[in-house]
Every structure is written in C-alpha cells, then in structure tokens.
Amino acid sequence: VEASIPEPQREAWRKHQVDGFQDKDGFEREVVRHVETTLARSMFNCDESAAYAATSLAFRDRLILEWNRTQQRQTFADSKRLYYLSLEFLMGRALDNAMLNIGRKDMAKAGLAELGFRIEDVIQQEHDAALGNGGLGRLAACFLDSLASLNYPAWGYGLRYRYGIFKQEIIDGYQVEVPDYWLDFNPWEFPRHDVTVDIQFYGGVRKSVNSNGKTISHWEGGEVVKAVAYDVPIPGYMTPSTNNLRLWSSKAASGEFDFQKFNSGDYESSVADQQRAETISAVLYPNDNLERGKELRLKQQYFWVAASLYDIVRRFKKSKRPWREFPDQVAIQLNDTHPTLAIVELQRILIDLEGLEWDEAWNIVTNTFGYTNHTVLPEALEKWSVPLIQHLLPRHLQIIYDINLFFLQSVERKFPDNRELLGRVSIIEESQPKMVRMAFLAIVGSHKVNGVAELHSDLIKTTIFKDFVTIFGPDKFTNVTNGITPRRWLHQANPRLSELITKTTGTNDFLTDLDELNKIELHVDDPEFRKEWAAIKHANKVRLAELIKTSTGVTVDPSALFDVQVKRIHEYKRQQLNIFGVIHRYLTLKAMSPEERRKQQKRVSIFGGKAAPGYWMAKQIIHLVNSVGNVVNNDADIGDLLKVVFLEDYNVSKAEIIVPASDISEHISTAGTEASGTSNMKFVLNGGLIIGTCDGANIEITREIGENNIFLFGNLAEEVDDLRHAHTYGSHTIDPDLNKVFQEIEKGTFGSTQDFAALISAVRDHGDYYLVSDDFHAYIETQSLIDDAYRNQEEWLTKCITSVSRMGFFSSDRCITEYADTIWNIEALPVVDREY
Ligand code: 7GP
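Residues numbered from 1 in each chain as written. Predicted model: local features only at pLDDT ≥ 70, side-chain atom pairs only at ≥ 80, totals over all residues. Heavy atoms only, no water.

## Regarding the site of the ligand
Then comes step 1: Inspection of the region around the ligand gives 16 residues, with His374, Asn482, Glu674, Ser676 and Gly677 positioned closest.
Then comes step 2: Here an oxygen atom of the ligand and a side-chain polar atom of Asp288 are 3.3 Å apart.
Then comes step 3: In the model, an oxygen atom of the ligand is placed 3.0 Å from a nitrogen or oxygen of the Asn289 side chain.
Then comes step 4: Relative to its free-state accessible area of 450 Å², the ligand is covered by the protein chains to the extent of 94%.
Then comes step 5: Most atoms of the ligand, that is more than half of them, are within 2 Å of grid points of the largest cavity. (Near = heavy atom within 4 Å. Polar contact = N/O pair within 3.5 Å; in protein donor to acceptor, adjacent residues only side chain to side chain. Areas by Shrake-Rupley, 256 points an atom, 1.4 Å probe, with all protein chains shown as cover. 1 Å grid on protein atoms, 1.4 Å probe; cavity = no way out; pocket = protein on both sides within 12 Å on 5 of 7 lines; lining within 4 Å. Sits in = over half its atoms within 2 Å of the grid points.)

## Some points on the pattern of salt bridges
Then comes step 1: Using the criterion set out here, one finds 61 salt bridges in the structure.
Then comes step 2: The shortest N-O distance in the salt bridge between Arg246 and Asp311 comes to 2.7 Å. With Arg246 in strand β11 (residues 242-252) and Asp311 in helix α10 (residues 295-318), the pair connects residues that are 65 residues apart, well separated along the chain.
Then comes step 3: Overall, Arg246 belongs to the buried group, its relative accessible area being 6%.
Then comes step 4: With its nearest N and O atoms 2.6 Å apart, the salt bridge here joins Lys317 to Glu354. Here Lys317 is found in helix α10, whereas its partner Glu354 is found in the loop between α12 (341-353) and α13 (358-368), with 37 residues between them in sequence.
Then comes step 5: Classification of Glu354 as partly exposed rests on a relative accessible area of 27%. (Salt bridge = Lys/Arg side-chain N within 4 Å of Asp/Glu carboxyl O. Helix = DSSP H or I, 4+ residues; strand = E, 2+ residues; numbered from the N terminus. Buried < 20%, exposed > 50% of the residue type's maximum accessible area, 1.4 Å probe, protein only.)

## Section: the sheet that holds strand β19 (residues 561-566)
Strands belonging to one sheet form pairs held by backbone hydrogen bonds; the direction of such a pair is parallel or antiparallel.
Then comes step 1: Pairing is parallel across the open sheet formed by six strands, whose spatial order is β21-β20-β19-β22-β23-β24. In this open sheet, the two edge strands, each paired with only one partner strand, are β21 (642-647) and β24 (711-712).
Then comes step 2: Relative to strand β20 (residues 603-608), β19 runs parallel, the two being bridged by six bridges. Opposite Val564, over in β20, you have Ile606 as the bridge partner. (Pairing = 2+ DSSP bridges.)

## Brief notes about the packing of aromatic side chains
Then comes step 1: The final tally for this structure, using the stated rule, is 31 aromatic pairs.
Then comes step 2: Look at Tyr84 and Phe143: their rings are 5.7 Å apart centre to centre, the planes differ by 75°, and that puts the pair in the edge-to-face class. With Tyr84 in strand β1 (residues 81-85) and Phe143 in helix α7 (residues 135-149), the pair connects residues that are 59 residues apart, well separated along the chain. Each member of the pair, Tyr84 as well as Phe143, is classed as buried.
Then comes step 3: Pairwise contacts between aromatic rings join Tyr83, Trp155, Tyr157 and Trp248 into one cluster.
Then comes step 4: Over the aromatic face of Phe201 sits the side chain of Lys299, whose NZ or CZ is 5.2 Å from the ring centroid.
Then comes step 5: The ring of Phe166 has Lys610 sitting right over it, with the charged end atom 5.7 Å from the ring centre. (Phe/Tyr/Trp six-rings, centres within 6.5 Å; stacked < 30°, edge-to-face > 60°. Lys NZ or Arg CZ within 6 Å of the ring centre and 35° of its normal.)

## So, the state of the cysteines
Then comes step 1: If you walk through the whole model with that rule in mind, you get zero disulfides.
Then comes step 2: With no disulfide of its own, Cys815 lies closest to Cys142 among cysteine sulfurs, the gap being 9.5 Å. (Disulfide = S-S within 2.5 Å.)

## Some remarks on the sheet that holds strand β12 (residues 330-335)
Then comes step 1: Taken in spatial order, the nine strands of this open sheet run β7-β10-β11-β4-β1-β12-β13-β17-β18, and their pairing is mixed. Each edge of the open sheet is held by one strand with a lone partner, namely β7 (190-201) and β18 (477-479). Along the sheet, successive strands turn relative to each other by an average axial angle of 25°, direction set aside.
Then comes step 2: Pairing between strand β13 (residues 369-372) and strand β17 (residues 448-451): three bridges, direction parallel. Bridge pairing in β17 places Gly370 opposite Lys448. (Axes fitted to C-alpha atoms, helices over the stretch in contact; angles between N-to-C directions.)

## Focus on helix α34 (residues 812-824)
Then comes step 1: Taking 1.5 Å per residue, 13 residues should reach 18 Å; α34 reaches only 16 Å between its end C-alpha atoms and comes up short.
Then comes step 2: Among all positions in α34, only Ser812, Asp813, Arg814, Cys815, Ile816, Tyr819, Ala820, Ile823 and Trp824 are buried.
Then comes step 3: You can read the cap of α34 off the contacts: a side-chain oxygen lies 2.9 Å from the backbone nitrogen of Asp813, and it is on Ser811. (Expected span 1.5 Å × (residues − 1).)

## Let's talk about the pairing of β17
Then comes step 1: Pairing geometry for β17 and β18, over three bridges, is parallel. The residue bridging Gly451 from the neighbouring strand is Asn479, located in β18.

## Concerning helix α29 (residues 717-729)
An α-helix turns once per 3.6 residues; consequently, residues spaced three or four apart project the same way.
Then comes step 1: Turning to α29, its buried residues number three or more, namely Ala717, Val720, Leu723, Arg724 and His727. Take α29 and look down its axis: the buried residues cluster within an arc of 100°, on one side only. Within α29, the exposed residues directed more than 90 degrees away from the buried face are Glu718, Asp721, Asp722 and Tyr729.
Then comes step 2: The inward-facing, buried residues of α29 abut α18 (454-462) and α32 (772-791). (Arc of directions from axis to C-beta. Contact = heavy atoms within 4.5 Å.)

## Some details on the layout of surface pockets
Then comes step 1: Roughly 1900 Å³ of internal volume is contained in the largest pocket.
Then comes step 2: Looking at the largest pocket, it is lined by 40 residues, and the ones nearest its centre are Asn68, Gln71, Gln72, Thr75 and Lys318.
Then comes step 3: At the level of secondary structure, the elements contributing two or more residues to the lining of the largest pocket comprise α1 (7-16), α3 (48-77), β1, β7 and α10.
Then comes step 4: Among the elements that line the lining of the largest pocket, the one with the most residues is α3, at nine residues.
Then comes step 5: Among the residues forming the lining of the largest pocket, the class breakdown is 16 nonpolar, 11 polar and 13 charged.
Then comes step 6: In this structure, the second largest pocket spans a volume of roughly 1400 Å³.
Then comes step 7: Along the wall of the second largest pocket there are 46 residues; nearest its centre are Asp96, Ile123, Gln124, Gln492 and Arg543.
Then comes step 8: If you list the elements that add at least two residues to the lining of the second largest pocket, you get α4 (95-102), α5 (105-115), α6 (119-124), α20 (486-492), α21 (495-505), α22 (527-552) and α26 (652-658).
Then comes step 9: Looking at the lining of the second largest pocket, the element that brings in the most residues is α22, giving six residues. (Points joined across faces, edges and corners; volume = space filled by probe spheres on them. Nonpolar A, V, L, I, M, F, W, Y, C, P; charged D, E, K, R; others polar.)

Next up, the structure:
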C-alpha cells in the first residue's frame, strides 16, 4: 500500500514537524504535558513513578524523532546494513542511558528539581529490561550501544519476552524464583501493530513440477502464529544516530480458526488457542551455558528467525536489486547458535519462494551469515532431535539434509576414503534419536566463525571445531575479543570517576575513544588526583555498603577490602572455590590469638548471581554462601575482620552499583572454560584489581595492564585434561587445607551437613572435574598476597590507576569496529552534527 503523503500536502507536514524539547523549560513543559494528558494525572497526584514515566516519555519523543531520521538517512544512503540476531538483550535501565547519550541529563536534573523531584530517585523507578541471562545477553546490549555510537546502520532482532529472567529472592538461605513481569509500563517500546508476519509451524511438504520441469516444494497446512513488531530506539552517544532494536511478540493469527470455534460454541478452546500462540514469546529460558532441548524453545527460535528474515528480505526487495547483491546489502550475525535456523530459512525463501537454483541461493546464504561461538562447554552446545524438527518444520529438515549431503560430498572430494572424518563432521549425529548439530550447521552456513577472546578462539580451532579448520582452512576462523561500552560501564555507573578523568585530562574523548585513557597515566603521581581517586572509590564503597545493609541487614565497614564475585552461579565459574577459601580464612582467624587477629586485613566477601532454576548444584552453592555468612557475620571473635554476604537478585542496575565499589573481583573459572568474561573488564575499568585464572580475556587484560597489576593463579588450560585424567585413573589426593574445610562443613558448623555433601563429594569422590582441589593452595596463597598488597594503599592505588589507563582495548567500540571491518564489511554513515 502506498502510504506516502503527496507532494502538495507535504508543506503542511513540514510546517508542523515537532523537534522534541530543546532546553530546561521545554523539558519541563513536556513532563507536565505527559503527566497531565498521557498519564491523566496532575500535580496533586504525581509520585516518583509518574515523574519517571513522564520524563521517559519526554526523552522517548526525542529519541523517536531521531530514530525516524536515522532510518530515513540509512534508507536513502542505501548502504549495507548489519542485522544482529540474538535471543537475549540484557539492556538494564534505559532512562539514565538515554539522558547521558543524548547529553541532556543536567537539563533533566535541573528541570526535575524545579518540578520537585530528585533525578536519582526518578531513575530508580525503572524496572530493568532483563531479557537475557548473563554475559551473552549483556554483550549484545553493549554492541547495540557501540553500533549506534559509531553510526553504523544496524538493527538488533530479538524476542519481546513477557517475562525476563526471574527475580531472585533468598529465603532461609535458598534461592526462590519469582516471575519477572516487566511490561506493566514500558515507555521504551513502540508497538508496530502494522508490522506483522505470519509464521507457519507443523504441516507437510508437497512437491510439484513446474512448466520448466523443475521440482518445487510447497510447505502446506499446519498452524499459523502472528509475529508483531515492537521497536526499541537505541540512542548513540553524542550523535543523532538512533538505531532500532526490533523485538517480536507472538499473537494468535487473526480470526480463522477461533471464529469458527466461536460460532460452533467452542469459545473456551478458541481462547486457549489464543493463549497457546502467545506462549511462544512469553518467557526467557533461564539457562546460562546450558541447553535443555525443549520444543517451545525451538518454536521460539524459528518464530523469531522467520519473522526477522521476512523483515530483512522485505526491506531488501524494496531496493529492486538482483538477489546476488543480497550479501552486499545485508550482513547477519548469529549470536551463538540460537538463530542458526536463519541459515535454513533464507535458503528456503530463495529456492522455494523466489525460485533460485540451489547453488546460487547457497552462495548468497553463506556470504550473508557470520557465527559467533560463546562457549566450549559440551552441555551448552545446541542439538535438536531430528524427529522434533521433522514435526515442527518439515521443509526445513529436508533442507538441512540437503545442506549436509552437499557439504559431505565436498568433504569426500577433498578427503577421499575418510569415513571417520565424514562421521565426525556430519551435521546429523547418528544417535538414537538422530540429532542436528547446530554449531556445525552454523559453521557450514557462514563465511566467518569467531570466538570471543584469543584463548577461546584458539581452543575452538583445536578442539570442538578442529575438523572444520582442516576442511575450510584457517581463514574462516577468527577472533574478536569482547568489549564493553564505556558509556554505561564508566560514565553512567561511575559518574564521579568519569568526571575526574575528564577534569584531569581536559577532555572526555575517552568516552568515544577509550585509548585516550592512557593520558591519566601521566597523572599517576599527582597527589591531588590520587586523593580524589581514592575518595571516589571510598564513596562508591559507602554506596554499596548501604545496598548491602538494606538488602541483607549486614553492616559492613567501607574501609575493609571488598572482594566481589558477581556472575551467574556455575560450577565452572567456581563460586565453590571462593566460598571454600572464605571458610579457610574463617578457620585461620579463629585459630589466631586476639593480638594476631588484630593484624589481619579486614575483608568483606560479596557474592551475587542467579542459579538456573533446575541447576541443583548451583543452588547448593548459594545455600552454602548464605549459611557461612550466617555463622561468620554473627561470630563475636571475628567482628569486622570478615563479613560474607550474598546480594539477592543480581542484575544490570545492581552491577552499576557493585562494580565501581570493588577492590578485588574474582574471575576464577577452571582454565579453558570461560570463553571471555566481560565483567572482568568492567571491574578493572572502574579501578578494581582482579584475582583470576589464565582464562578467557583475563589473559589479554594481563597483557594490556601488565602482570604486576593482576593476581593470577592456578593451573593452565593445557594442563586440565591431564589433571582430570589423573583424578579418574590415578590416585586423587585432596589438598590438606581444603580437607580441613570439608571436615568443618561436615561437623555441621554451617548447619545441615546433608545439603553440602554433594559439593564436597564432587571434589572428593567424583573426579573434581573443575579442579577445585588442584587450584586451592594457589588460590589461598594469592589471596594472602592480596592482603599484603592492600596494606600498602599507595602502591595499590598506583596499580588501580595504571590499570584503568591501559584498558582502552576493551571498549566495545574497538570490538564492533573489528567486526565491521573483518566480518560484516559495513561502513559507518556520516552524520551532520547538530547540537550534539
Ligand atoms: C558467555 C560466556 O560464558 C562468557 O565467557 C562470555 O564473556 C559471554 O558469553 C559473551 O561472549 N556465554 C554465555 O552466556 C552462554 O550462554 C552459551 O553461552 C550459549
């Protein structure tokens, strides 16, 4: 339908085009207008949540105008776009970020004050957008920020879950999950009821022969669900560029079957159908680094991928270009294997619906996609059963078999008579039932495959994807080390430090070019600068101490060493190593005389993170942390020497408080298991040091900041296999200090011994897969080195400042530029600076 306004009427449009607020008065006018009309309230009835709503709407209006202009500019430029497909976008709060990126926070602060509100309280009203589990989802959010800030034409595509990651409550020391219904009021999304796609499931395939004698496949029957687009504007920092995150919501396809049922009196079941359709986008699966293979999850994946591709293809077809130019216009990045069906769906569109020949279509497909791997953990590698795909997506299964056939034929030609190789690389695993290996499909269907840190990218090439390096050659496999956005993770989370750096270096260029941070190294000996730096860290610790007090009731001393481990709870991340270490410290303190004790470093051990609801071991770890806290925090012998707290419901907005307040943070995964880690980068960027293993991005962080500024310990990745083997087949002796810790737990010092038995026997009786005992001694020693180092506050401060100054590499701007140049082949669109 042609919806464009004819030229004679456009003059009227231009005359009345609005431009959002420009100054404090304009901002206040917009807030009052939204309170009184949009919200139907008044000054007699305006609480903080109404002030939040109206402020957000005022900023949203501005954003959407820039969003429109950005889209027009991109359409007009007609250059290549990136589409980032991710099942998770862990966005956190939007208002503070929008105010800072647009550069109008001071204006809003003054305006809100005149209207009777403190901006901090207003910001706090917002519910986190928690559409992700952990690192993978937060990375996608940082990428969106960088893509917009660097003026790249890019869209994110995801699902609009009604329930994000669950809210975690700690009751009697145990995790309890509460649904996170977050959409009651969400001013940051625009429903596009006119942008819908019908998505088909089930049914069967009919073949016909056309007039040219060519066989055509028709996917027919089954059921249809409607995808409705919800758009979220993504503001760039100090640029008018505002990109789009399009989230799909599922709805019953209009009419047909429900009306039929309605007419036949079967109203209830027609409502049930409706609800079944809405279930598809209802809930985010709460697993991090674990795949459960549930049918509804596969439905989510296809629903989202099919709607997104329809949208992308529709946009391309408007340009009337020939199909072979598709990869010149479109780059699609697969955030892990969750969107791998997009490869199959595009092939289906091209051959079944657009009539292309297989080879021509496949060439387009493979030149369009790139695939990022985020883990080597076997339990996280996606596989879908052939019968399930057959049932849900019968045509797609045929295409997968054809892709595999042609792929194996090409391998056969290159490596004749190697049946074992064919079996190893087959996209179909010959198990009972047969399984589709999604990572293999993603590799075969993409032109580039990347890992997320150097070690990780090397590991995938030498282990899980080794054969594919032999087949495709090494150039298809590459590394793009993760990054984080300095806007949210420095400027927003740590405004005072950001301000100090700006004041000291005379510019805030580091926010758009993080390498500029190296300028502060010149000031590392400046006493005034050092004093202010230390004061900021202390203030951040006071702020965290307040959060700890309100959330746990425990009083902590802000001058103690804050030792933080916040991340998803997982055996490979080894929170159990940390808490065993805490118990060891407690026992050591208990054994000391009061005089000796007084010489010890005060510490607060801070834990936070969610366990997947079905991950029993992870839940036992949470319980142990809380039980240890209960004993230690109430032991009069110990007092402020050691406190142990578990902060419930760790999320992005709590991270913004926790990260700037840490002295030491823990990144202690078994070597070779953490693909990258990104919170390690956030902590160092905020002037905290880290204790870590030689794993993921810790290695590159060490290279950048210098090995004197990081506390590394533990076995190396190349030693892990042998150690595991020795545990199982040789004699396995447990570290004696760790054994004492176990004995104390078994005595019942921390309550019910039964609960913790599994944590102990995993180490003692079941091969200690994560090498807790092997690394225990080095861990304890390193923690005591940290105590010593912390006593020398001046030297410690020097380490912190020096580290921050060398963190430029870990900006997601650097990371996105690498993707753009080496994988996507896209270019930034120049923008005319207005008042930014
Ligand atoms: C995570 C990795 O565990 C983490 O090391 C990395 O920093 C992050 O991705 C971003 O690359 N992986 C996941 O969150 C995950 O669930 C399996 O991966 C799909």
